[in-house]
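Working through the structure, step by step
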Amino acid sequence: MNRTVCITGGSRGIGRDLAIAFANAGYSVFAGARTESGVETAARGIRFVRMDARRDDDHAGLVETAVAETGRLDCYINNAGVSAWRPVIEIDEEFLEDMLSTNLKSAFWGSKRAALALSEGGTIINISSLAAKRGTPNNSAYCAAKFGMTGLTQALAKELGPKGIRVNALCPVLVRTPGLIEALSDPTSPAKGDPEGFLAAFASSQSALGRLPTGAEVAAMALYLDSPAASAISGQSINVDCGVLPQ
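Described in the following lines is the structure provided in the data block. (Residues numbered from 1 in each chain as written. Predicted model: local features only at pLDDT ≥ 70, side-chain atom pairs only at ≥ 80, totals over all residues. Heavy atoms only, no water.)

The next thing to look at is the side chain of lysine 146. Along the chain, lysine 146 turns up in helix 5 (residues 140-160). At 3.2 Å, the side chain of lysine 146 and the backbone oxygen of isoleucine 127 are in polar contact. Beyond its immediate sequence surroundings of up to four residues, lysine 146 is in contact with Asn103, Ile127, Ser128, Ser129, Ala131 and Ala132. (Helix = DSSP H or I, 4+ residues; strand = E, 2+ residues; numbered from the N terminus. Polar contact = N/O pair within 3.5 Å; in protein donor to acceptor, adjacent residues only side chain to side chain. Contact = heavy atoms within 4.5 Å.)

Here it is in structure tokens:
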């Protein structure tokens, strides 16, 4: 029987790559997002569900749709997120709330609703960031949210493990997506408004492989984590970074 996966932020960027990879692997895929652009729903059999990942009830609706149509939920991927740089002295309530709600609270709500529906053998996969492991200038809000996701991953692995549910996180570095390019175009970002020049220089100077990971490579690791081959892996935050931060 095919496995069923729900993916938040599943219509663009890494979420789109996740949705396509899981669909190609034979999963029933339910991609939750605010807009449908980017997911070839008709061609690939990906079911789009309109949702705002910052809302608990919307995660409940995503799970309910998947279970109603397939009778099961096997994997829940908390992928929704947003990148933005801002000096701490310029951060206001609105900016901080958006960063925490989109990048951390969304994963909490998704994990809550997944925990109610997953059975033994189920998995939760949090798409985190290398920013969950090291701080960088003008990135305090994003780093705080992603460090929080590490704690969430570890705590839920212990809490849900007795039920046979595994919880892990993936920590990519600078995957080229429309959202990242937009964020790097801001003068307060490390790219200082030159995304292409920054990414090329970063890959050359910081990556062991001389390049940066793709969304497809992140998706491949997510597929592995949901597979029986990863049955002993839980509570981990695994770098997908081409050797930027060897551990």
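Summarising burial for strand 6 (residues 166-172): seven of the seven residues are buried, a large majority. As paired elements, strand 6 and strand 7 (residues 237-240) share four bridges and run parallel to each other. Paired with proline 172 across the bridge in strand 7 is valine 240. (Buried < 20%, exposed > 50% of the residue type's maximum accessible area, 1.4 Å probe, protein only. Pairing = 2+ DSSP bridges.)

This next bit is on the packing of aromatic side chains. As enumerated under the stated definition, the model contains three aromatic pairs in all. Relative to tyrosine 27, the ring of phenylalanine 22 lies with its centre 4.7 Å away and its plane at 75°, an arrangement referred to as edge-to-face. Summarising the burial analysis for this pair, phenylalanine 22 and tyrosine 27 share the class buried. On the basis of an interplanar angle of 80° and a centroid distance of 5.3 Å, the ring pair of phenylalanine 108 and tryptophan 109 is categorised as edge-to-face. Assessed through its relative accessible area of 44%, phenylalanine 108 is described here as partly exposed. We classify tryptophan 109 as partly exposed; its relative accessible area is 25%. (Phe/Tyr/Trp six-rings, centres within 6.5 Å; stacked < 30°, edge-to-face > 60°.)

With their axes 9 Å apart at the nearest point, helix 4 (residues 93-117) and helix 5 run at an angle of 15° to one another. Between helix 4 and helix 5, the interaxial angle falls into the category roughly parallel. In terms of crossing hand, the pair formed by helix 4 and helix 5 is right-handed. Only Ala141, Tyr142, Ala145, Lys146, Gly148, Met149, Leu152, Leu156 and Leu160 of helix 5 make contact with helix 4, whose side of the interface consists of Phe95, Leu96, Met99, Leu100, Asn103, Leu104, Ala107, Phe108, Ser111 and Ala115. (Axes fitted to C-alpha atoms, helices over the stretch in contact; angles between N-to-C directions. Parallel < 35°, antiparallel > 145°, perpendicular 65-115°, else oblique. Left-handed = near helix turned anticlockwise from the far one by under 90°.)

A few words now on the environment of asparagine 168. Here asparagine 168 lies in strand 6. Distance from asparagine 168 to serine 111, taken between C-alpha atoms, is 11 Å for residues 57 residues apart in sequence. Sequence-distant contacts of asparagine 168, defined by excluding residues within four places in its chain, comprise Ile124, Ile125, Asn126, Thr153, Leu225, Ile233, Ser234, Gly235 and Gln236. Within the local environment of asparagine 168, its side chain forms a polar contact with the backbone nitrogen of glutamine 236, the two atoms lying 3.0 Å apart.

Our focus in this paragraph is the pattern of salt bridges. With the rule as written, the count across this model stands at 13 salt bridges. With a closest N to O distance of 2.9 Å, aspartate 56 and lysine 112 form a salt bridge. Taken as a pair, aspartate 56 in helix 3 (residues 56-70) and lysine 112 in helix 4 lie far apart in primary sequence, 56 residues in all. Given a relative accessible area of 16%, aspartate 56 falls into the buried group. (Salt bridge = Lys/Arg side-chain N within 4 Å of Asp/Glu carboxyl O.)

Another point: unusual backbone geometry. Notably, asparagine 138 is not glycine yet its phi reads approximately 60°, a positive angle. Inspection of the secondary structure puts asparagine 138 in the loop between strand 5 (123-127) and helix 5. Using a relative accessible area of 31% as the deciding quantity, one classes asparagine 138 as partly exposed. Positive phi values are uncommon outside glycine, yet cysteine 242 reaches one of about 55°. The topology assignment puts cysteine 242 in the segment after strand 7.

Here the focus is the nonpolar core. Core analysis: the largest hydrophobic core is formed by 25 residues, its most contacted members being Leu18, Val29 and Ile77. At the level of secondary structure, the elements contributing two or more residues to this core comprise strand 1 (4-8), helix 1 (13-24), strand 2 (28-33), strand 4 (75-78), strand 5 and helix 8 (215-225). Here this core takes seven residues from helix 1, the largest share from any one element. Once residues lying within four places of it in the same chain are set aside, the contact partners of leucine 18 are Ile7, Ile77, Asn79, Ile127, Ala219 and Ala222. The next biggest cluster of nonpolar side chains, apart from the first, holds 22 residues, and it includes Cys6, Met51, Ala53 and Ala157. (Core = buried A, V, L, I, M, F, W, Y, C linked by side-chain atoms within 4.5 Å.)

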